[in-house]
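A structural walkthrough
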Amino acid sequence: MPAGVLSSEPMRLRLVLVGAVVLCLAACTTETPEKPKSPPPSTPAPAQGTPPQASPPPAATESLPEGVFDSLARELPADRPAVTFRDVARQSGIVFVHSRGERTSMLPEDMGSGAAWGDYDNDGDADLYVVNQPGPLPVAAGPERSTDKLYRNNGDGTFTDVTRAAGVGKPGFGMGAFWGDYDNDGCLDLYVTNYGKSRLYRNNCDGTFVEVTDRAKVANNRWAASAVWFDYNRDGRLDLYVCNYVEFDPEGLPGERGSMQYGINVPFTLNPVSFAPQPNRLYRNNGDGTFTDVARAAGVADAQGRSLVVTFADLDLDGWPDLYVGNDISANSLFRNLGNGRFADLSAASATEEYRGTMGIALGDFDADGDMDFFLTHWVAQANALYQNLYQEMDPNRPNRLFFADVADMVGVGSISMNDVSWGAAFVDYDNDGRLDLFVTSGNTLEEPRNRKLLQRQRPRLLWNKGEAGFYGVAPASGAPLGLPLNARGLALADYDNDGDVDFLLTTNRGRALLLRNDGGNRKRWLKVRLRGVESNHRGIGAKVTVQAGKLRRYEEMGAGGSYLSQSFHELHFGLGTHDRVDRLEVVWPSGVRQVFEGLPGNRLIEVTESGPEAGWEAVQ
């Protein structure tokens, strides 16, 4: 890693990497109109099972020994943060249990669900929508079915279930939730992805919602997973990209067929390679309350990818938001925005066309060089990846400088995860020291050998960034909840209690939601930033914000995050370490408007308005 995020000097590991990168660039195409989506012969085993049509491999005598790769983890550093996490979900009023009844070993049952933070009532507090599924497949009718929940933040550390009063939570086999003000009326609307018909709820700005799915033409009617709101054509209106997974029809499936993975039988009905992939959607906002699917015309349908997660970011710093799509047992895709309504497939050219089972994405400038890197979560025995963006180091005369290197093992976040099936992930400065740390949820999709109605549980990982020394796993010393084996899936971040440090919401498959309150992260200084667009979309999604305090420099993009089936609060959180003030704050809006402010106080929440008579910043907390 670099001389820490607190230094402007380049990373030492970059000096090693760049030479190797330059040598291989000649073999990399600059554009790949159509890339093959089948793995090369040397590709590792598919993400969640061996292809059923292939001859099964010899049965293993035992599964991976628990902790076999834990020896790669380093000892807890003596100077680790004195921060602990406490599960306060129940006492806060978030009494949520995912699904009901016994598993029937059907793939949709094991994949969900997620959650999303958003201030739907504009009172300044982070409210929470948690997604549910009604029960095992086939879904039985009846009032006892589990449903989604909307929890209103009361502003005192507690929440109230307002699902019925708000008019949301309609029946559906839920996957993810994503807030976005698509009509620019100042009130957050909500898109819920489902296995089957997805739903769009328009906010009436009075605490209630109306479903407008059919009128807006965004029902999708496929197995939708993650989605993201972003303004791909920079017209000031939010568009919507939706990941679709596989063609899954529970009728007539050969449940008795299966394959062996690590000594465990994986039923045909749980192996995603048993099912054909579905193309994704790019819903262009027409500005009249309706959307048009332009994914194929724009070149981002990714029809051969079993897509689970997506994020946007201006990866090449040209002002246009690009897309990265994470696929399960299919090659991942990086789509560069050409600025003319179309995207170029640079997956192979950028060295990010990996063929592993990707479930989650965390996006952030972990090396503090002013461009976005991303962390990918994977299935068991595949190790998580950390793709470092080398755009700044490439020859500026090259037509395509966008290139990445997987440095996961170099900084301590790769092979330690070989036993894990990891899902939601996020870069987060949980101790406010100015460096981005990592939090990763895990939970196996392999069934318990002695009880196939249950899935194997795993512990989450909290990886503290120690600058040049890399990342250290500090979960065992950071509170009892981080030592619990879980079947975790979604992860969404928010400072829900407005105390200056970031809290974590975890969803679990067929279990309860956990609200992990951060105790101690606010001992160091911080700055939180909210945006109000005028020429750009109302929430400033896609705006680039850079904070400088002394030698500390942090760069973020509003609304870019990823995770898995989940969405964090649209509020940028910057740890300032020991700095009391921010020397410089720069905001570059999607419209191209650029604002610079100097001498801002620390330990404040500020709102920046883009243009007009109210342009500027003001402290709101």
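Here is what the cut-offs are and how they apply
Residues numbered from 1 in each chain as written. Predicted model: local features only at pLDDT ≥ 70, side-chain atom pairs only at ≥ 80, totals over all residues. Heavy atoms only, no water. Helix = DSSP H or I, 4+ residues; strand = E, 2+ residues; numbered from the N terminus. Buried < 20%, exposed > 50% of the residue type's maximum accessible area, 1.4 Å probe, protein only. Contact = heavy atoms within 4.5 Å. Pairing = 2+ DSSP bridges. Axes fitted to C-alpha atoms, helices over the stretch in contact; angles between N-to-C directions. Disulfide = S-S within 2.5 Å. Phe/Tyr/Trp six-rings, centres within 6.5 Å; stacked < 30°, edge-to-face > 60°. Lys NZ or Arg CZ within 6 Å of the ring centre and 35° of its normal. 1 Å grid on protein atoms, 1.4 Å probe; cavity = no way out; pocket = protein on both sides within 12 Å on 5 of 7 lines; lining within 4 Å. Points joined across faces, edges and corners; volume = space filled by probe spheres on them. Nonpolar A, V, L, I, M, F, W, Y, C, P; charged D, E, K, R; others polar. Polar contact = N/O pair within 3.5 Å; in protein donor to acceptor, adjacent residues only side chain to side chain. Salt bridge = Lys/Arg side-chain N within 4 Å of Asp/Glu carboxyl O. Core = buried A, V, L, I, M, F, W, Y, C linked by side-chain atoms within 4.5 Å.

A closer look at the overall build of the chain
Looking only at helices and strands, the chain features seven helices and 41 strands. A buried classification covers 62% of the 621 residues belonging to the chain. Taking as baseline every contact in the chain between residues at least 6 positions apart, the subset at least 24 positions apart corresponds to 64%.

Things to note about the sheet that holds strand β30 (residues 488-494)
The strand order β1-β32-β31-β30 describes an open sheet built from four strands, whose pairing is antiparallel. A single partner strand is all that each edge strand has here, and the edge strands are β1 (84-87) and β30. Taken pair by pair, the neighbouring strands of this sheet meet at an average axis angle of 25°, ignoring direction.

Concerning the state of the cysteines
On inspection of all chains with the given rule, the structure shows one disulfide. One disulfide bridge connects C187 with C205, the sulfur atoms lying 2.2 Å from each other. Here the disulfide of C187 and C205 is right-handed, its torsion about the S-S bond being about 125°. In this pair, C187 is assigned in the loop between β6 (173-180) and β7 (189-196) and C205 in the loop between β8 (199-203) and β9 (209-211), connecting sequence segments 18 residues apart.

What to know about the pairing of strand β11 (residues 239-244)
Buried residues dominate β11, accounting for six of its six residues. Burial of the side chains of β11 extends over both faces: D239, Y241 and C243 are buried on one face and L240, V242 and N244 on the other. Summarising the sheet, strand β10 (residues 222-230) and β11 pair through five bridges and their orientation is antiparallel. Each bridged residue has a counterpart across the sheet, and for V228 the counterpart in β11 is Y241.

Brief notes about the packing of aromatic side chains
Tallying each qualifying case throughout the model produces 28 aromatic pairs. Arranged with centres 6.2 Å apart and planes meeting at 40°, the rings of F230 and Y232 form a pair that is tilted. For F230, a relative accessible area of 1% gives the class buried. Residue placement shows R401 over the ring face of Y391; its charged tip is 4.0 Å from the ring centre.

With respect to empty space enclosed by the protein
Across all of its chains, the model carries four cavities of 30 Å³ or more by this definition. When its volume is computed, the largest cavity comes out at roughly 650 Å³. Residue lining of the largest cavity: 39 residues in total, with L493, A560, G561, S568 and F569 positioned closest to the centre. For the lining of the largest cavity, the class distribution of residues is 21 nonpolar, eleven polar and seven charged.

Re the side chain of E354
Mapped onto the elements of the fold, E354 is located in the loop between β19 (343-345) and β20 (358-364). Residue E354 is classed as buried on the basis of its relative accessible area, which comes to 7%. A polar atom in the side chain of E354 sits 3.1 Å from the side chain of T358. Setting aside anything within four residues of it in sequence, one finds E354 in contact with Y324, S330, A331, N332, L376, H378, A385 and Y387.

Overview of unusual backbone geometry
At the junction of G112 and S113, the peptide bond is cis and its omega measures out at 0° in the coordinates. Mapped onto the secondary structure, S113 falls in the loop between α3 (107-111) and β2 (115-118). With omega at -5°, the peptide bond leading from L137 into P138 counts as cis. Looking at where P138 falls in the secondary structure, it is placed in the loop between β3 (127-130) and β4 (149-153).

Section: the pattern of salt bridges
By the definition in use, this model includes 28 salt bridges. Between R512 and D87 there is a salt bridge, with its nearest N and O atoms 2.7 Å apart. Residue R512 is located in the loop between β31 (503-508) and β32 (514-519), and its partner D87 is located in strand β1; the two are separated by 425 residues in the primary sequence. We classify D87 as partly exposed; its relative accessible area is 21%.

Examining the nonpolar core
Ranked by size, the top nonpolar core spans 96 residues in total, and within it Y241 and L282 carry the most contacts. Examining the composition of this core, we find that seven residues originate from one element, β10, more than from any other. Excluding residues that lie within four positions of it along the chain, Y241 makes contacts with S226, A227, V228, F230, N280, R281, L282, V300, D302, V310, L323 and V325. Counting residues in each nonpolar core, the second largest holds 21 residues, with F85, A426, Y430 and L486 among its members.

Describing the sheet that holds strand β40 (residues 604-609)
Ordered by their spatial adjacency, four strands build an open sheet running β37-β33-β40-β41, and the pairing between neighbours is mixed. In the strand order of this sheet, the two ends are held by β37 (572-577) and β41 (616-619), each with one partner. Ignoring which end each strand starts from, the neighbouring axes of this sheet average 25° apart. Sheet analysis places strand β33 (residues 525-532) next to β40, joined by six bridges and oriented parallel.

Quick look at the environment of L282
Mapping L282 onto the fold places it in strand β14 (residues 281-285). Along the backbone, L282 and V242 are 40 residues apart, and their C-alpha atoms lie at a distance of 6.5 Å. Setting aside anything within four residues of it in sequence, one finds L282 in contact with F230, Y232, L240, Y241, T292, D293, V294, A295, A298, V300 and F343.

Considering the pairing of β4
Two faces make up the sheet, and in a regular strand the side chains alternate between them. Examined bridge by bridge, β3 and β4 share three bridges and lie antiparallel to one another. Looking at the pairing, V130 lines up with K149 of β4. Bridge count for β4 against strand β5 (residues 159-161) is three bridges, and the pairing is antiparallel. Its bridge partner being in β5, N153 is matched across the sheet by F159. Linkage of β4 to β5, two consecutive antiparallel strands, is achieved through a turn of five residues, within which G155 is found at a positive phi near 85°.

Considering the side chain of N220
Residue position: N220 is located in the loop between α5 (213-216) and β10. When its relative accessible area of 5% is taken as the criterion, N220 is described as buried. Only 2.9 Å separates the side chain of N220 from the side chain of R281, close enough to count as a polar contact. Non-local contacts of N220, meaning those with residues more than four positions away in its chain, are made with Y191, S198, V242, N244, R281 and Y283.

Here's the deal with the environment of F439
On the secondary structure map, F439 appears in strand β25 (residues 437-442). Judged by relative accessible area, F439 falls into the buried class, the value being 0%. Linking F439 and G424, residues 15 residues apart in sequence, is a C-alpha distance of 8.3 Å. Ignoring anything within four residues of it in the chain, the contact list for F439 reads G424, A425, A426, P460, R461, L462, L482, L491, F504 and L506.

The values are spatial; any link to function lies outside them.
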